[in-house]
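Residue-level listing of the chains:
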Amino acid sequence: MARKLASLFYEVTPTERLMVTITGPDDPFVAFDDMTLDVSEGVAFALTPQMFSGVGAHHVLNVILLFPADDEETKGFRIKIAGPDGKTIDIFKKTTPDIENTAKVQIMIRVR
């Protein structure tokens, strides 16, 4: 069963998928290991067993978030991680940028 091990660190079995939904003021830029994913704001996407390297593998999901320019007010971004059954495993919020108008969130996934 997919589960949270620590903040932004999750574990799945080789046959499970994780569902990720990123909501906020703009589309995020997302890369899974060295593969860029086409992701739209507010639309769930799946990390499938075919994307995982098998038992013992570790994967990285890099997410670049673009905050509005010109000090426009925003509630920030919300990243929801759900298991294969759609049940929420975790919700992470990023309310402020790290540098200029961008923020990076790195999510680790271990296959057990």
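Above this text you will find the structure in question.
Residues numbered from 1 in each chain as written. Predicted model: local features only at pLDDT ≥ 70, side-chain atom pairs only at ≥ 80, totals over all residues. Heavy atoms only, no water.

Draft legend 1. The overall build of the protein chain, seen in detail. Looking only at helices and strands, the protein chain has zero helices and ten strands in total. For the protein chain, the N- to C-terminal ordering of α and β elements is β-β-β-β-β-β-β-β-β-β. Expected size for 112 residues packed as a compact globule is a radius of gyration near 13 Å; at 14 Å, the protein chain falls within 12% of this value. Taking the principal axes of its C-alpha atoms as reference, the protein chain extends roughly 45 × 25 × 25 Å. Within the span of the protein chain, comprising 112 residues, buried residues form 38% of the whole. For the protein chain, long-range pairs separated by at least 24 residues make up 65% of all intrachain contacts whose partners lie at least 6 apart in sequence. For the protein chain, the distance from the average site of its 12 positive side-chain charges to the average site of its 16 negative ones is 13 Å. (Helix = DSSP H or I, 4+ residues; strand = E, 2+ residues; numbered from the N terminus. Rg over C-alpha atoms; globule rule 2.2 N^0.38 Å. Buried < 20%, exposed > 50% of the residue type's maximum accessible area, 1.4 Å probe, protein only. Contact = heavy atoms within 4.5 Å. Lys, Arg positive; Asp, Glu negative; His and termini not counted. Charge placed at Lys NZ, Arg CZ, Asp CG, Glu CD.)

Draft legend 2. Expanded view of the sheet that holds strand β3 (residues 18–23). Spatially, four strands are ordered β6-β3-β8-β9 in an open sheet, and the strand pairing comes out antiparallel. The sheet terminates laterally at β6 (45–47) and β9 (88–94), the two strands that pair on one side only. Along the sheet, successive strands turn relative to each other by an average axial angle of 20°, direction set aside. (Pairing = 2+ DSSP bridges. Axes fitted to C-alpha atoms, helices over the stretch in contact; angles between N-to-C directions.)

Draft legend 3. Molecular detail of the pattern of salt bridges. Applying the stated criterion across every chain yields a total of five salt bridges. Salt bridges sharing common partners tie together Arg3, Glu11, Arg110 and Arg112. (Salt bridge = Lys/Arg side-chain N within 4 Å of Asp/Glu carboxyl O.)

Draft legend 4. Spatial organisation of the nonpolar core. One finds Ile22, Phe45, Leu47, Leu61 and Ile107 to be the most contacted residues of the largest nonpolar core, which totals 27 residues. Breaking this core down by element, the ones donating at least two residues are β2 (9–12), β3, β4 (29–32), β6, β7 (58–66), β8 (77–82) and β10 (102–111). When residues in this core are grouped by element, the largest group, five residues, is from β10. Not counting residues within four places of it along the chain, the set of residues in contact with phenylalanine 45 comprises Leu18, Met19, Val20, Ile22, Val30, Leu37, Val39 and Leu61. (Core = buried A, V, L, I, M, F, W, Y, C linked by side-chain atoms within 4.5 Å.)

Draft legend 5. Focus on the environment of threonine 74. If you trace the backbone, threonine 74 turns up in the loop between β7 and β8. By relative accessible area, threonine 74 is classed as partly exposed at 32%. Residues threonine 74 and alanine 2, spaced 72 residues apart in sequence, show a C-alpha to C-alpha distance of 31 Å. If near-sequence neighbours (up to four positions away) are discounted, threonine 74 is found in contact with Pro25, Phe67 and Pro68. A distance of 3.0 Å separates a polar atom in the side chain of threonine 74 from the backbone nitrogen of glycine 76. (Polar contact = N/O pair within 3.5 Å; in protein donor to acceptor, adjacent residues only side chain to side chain.)

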